[in-house]
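As a plain string of letters, each chain reads:
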Amino acid sequence: MAPSNRAAYAPSAVFGSFFLGGFECSTHRRPDGKRLDLTAGSGHDHSALEDYRQLTEAGLKTFRDGVRWHLVEKVPGHYDWSSLLALIRAAEEAQVQIIWDLMHYGWPDGLDIFSAEFVERFCRFAAAAAGVIQQECRHTPFYCPVNEISYFAWAGGDKALMNPFCLDQGDALKRQLVRASIAAIEAVRSVDAAARIVHAEPLVHVAPDDPECWEGVDRAATVHEWQYQAMDMLTGRMAPELGGKPDYVDVLGVNYYPDNQWLLSGNTIPMGHHRYRPMRELLQECYARYRRPLFLSETGAEGTARPAWLYYVVQETLAARRSGVKVEGLCLYPVLDYPGWLNDRICQTGLLGALNQNAVRHFYKPLLDQLISSAADVRNQAAEVNL
């Protein structure tokens, strides 16, 4: 099934379309030692051209996709760009814009992420990748140096849920990832001064279990603030010795899912609960802090919850825009059904499903219908502003 028209198209002042699609491209090692490569796991490595073309028919013209560093630099200092060139050339043929994740949780084997060598090699890799992309692409390139520094530092540095499998080293890992991001930004800009830089960080709310317990209230407020540490480091507001400065944040992406609000004890606050905070307020808080254009760099739900979740986040985004928050896009993520991180089950999150036996994907019609309706709401708001 294909859309009957391009009714889902909605304009953006920053991206090629207001609605974006994000391809799950994680490449980390999980606790059993297996390296993930979800670009390959979803089949997107071989179906990229058709994926891009199908999704443009639904009005998506901009996508998040990944440069798989572990494939490009299997031998230190030697680059094999074949995996990247396949994606670039498919994107160019489909005439779509890409935001390139340079590191989506994974890096080459044999490299200590806490070492100075890690930053140096990532810097050289970023510059080389930018050179390839500049040569091959007609569109102004966008880069996300390190995806989700905050989550990466927590999962890999504090909880040993992914590489580098550390406990209680989240702050050290966060600072090292900031160093690597800064080095990569400088490297990319040295090659292509026109390149745009985005970051993708979780947008969360943490509430006390007992709002009458002042100690819990203060602790929840402190934990809530942790979500901003990576961006504060990158902008130089925190840990200025790392070299951060405001222009390292060009466009700020925020990742928001149904479980992004929780009590201090760890229990998720479900939407509709009296302690659940409207997403518009979280967007307002983030925008007031950094005064940078925002976009929802990841958002989505699984199974039959997908359309209702899209309706909610779009309505909250429109409300935030009415209050003056510059939200310039919303990325459906992951835009394809994909194999889960911890097992091979197919996670039904996508606007497009998994490849069938004929190597064909089909749209999930309830989500497609909601996307078309939501795009009309975005266009109507834009028309009202322009009146």
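So, here's what we can say about the structure. (Residues numbered from 1 in each chain as written. Predicted model: local features only at pLDDT ≥ 70, side-chain atom pairs only at ≥ 80, totals over all residues. Heavy atoms only, no water.)

**Points about the overall build of the protein**
Part 1 of the reasoning: Across its full length, the protein carries 12 helices and 12 strands.
Part 2 of the reasoning: A compact globule built from 387 residues should have a C-alpha radius of gyration of about 21 Å, and the protein, at 20 Å, falls within 12% of that.
Part 3 of the reasoning: The dimensions of the protein, computed from C-alpha atoms along their principal axes, are 60 × 50 × 45 Å.
Part 4 of the reasoning: In the structure as shown, the protein presents an accessible area of about 15600 Å², 52% of it carried by carbon and sulfur atoms.
Part 5 of the reasoning: Where the 37 positive side-chain charges of the protein centre and where its 47 negative ones centre are 3 Å apart. (Helix = DSSP H or I, 4+ residues; strand = E, 2+ residues; numbered from the N terminus. Rg over C-alpha atoms; globule rule 2.2 N^0.38 Å. Areas by Shrake-Rupley, 256 points an atom, 1.4 Å probe, with all protein chains shown as cover. Lys, Arg positive; Asp, Glu negative; His and termini not counted. Charge placed at Lys NZ, Arg CZ, Asp CG, Glu CD.)

**A word on the pairing of strand β5 (residues 196–202)**
Part 1 of the reasoning: Within β5, six of the seven residues are buried, leaving the element largely enclosed by the surrounding structure.
Part 2 of the reasoning: Two elements, β5 and strand β7 (residues 251–256), share five bridges in a ladder whose sense is parallel. By the bridge assignment for β7, H199 is matched with L252. (Buried < 20%, exposed > 50% of the residue type's maximum accessible area, 1.4 Å probe, protein only. Pairing = 2+ DSSP bridges.)

**Points about helix α10 (residues 279–290)**
Note: α-helices contain 3.6 residues per turn, so residues at a spacing of three or four share the same orientation.
Part 1 of the reasoning: For α10, built from 12 residues, the straight-helix expectation of 16 Å at 1.5 Å per residue is met to within 8% by its first-to-last C-alpha distance of 17 Å.
Part 2 of the reasoning: If you check which residues of α10 are buried, you get M279, L282, L283, C286, Y287 and Y290. Each buried residue of α10 sits inside an arc of 130 degrees when the element is viewed along its axis, so together they form one side.
Part 3 of the reasoning: Just past α10, the residue R291 takes up positive phi, approximately 50 degrees. (Expected span 1.5 Å × (residues − 1). Arc of directions from axis to C-beta.)

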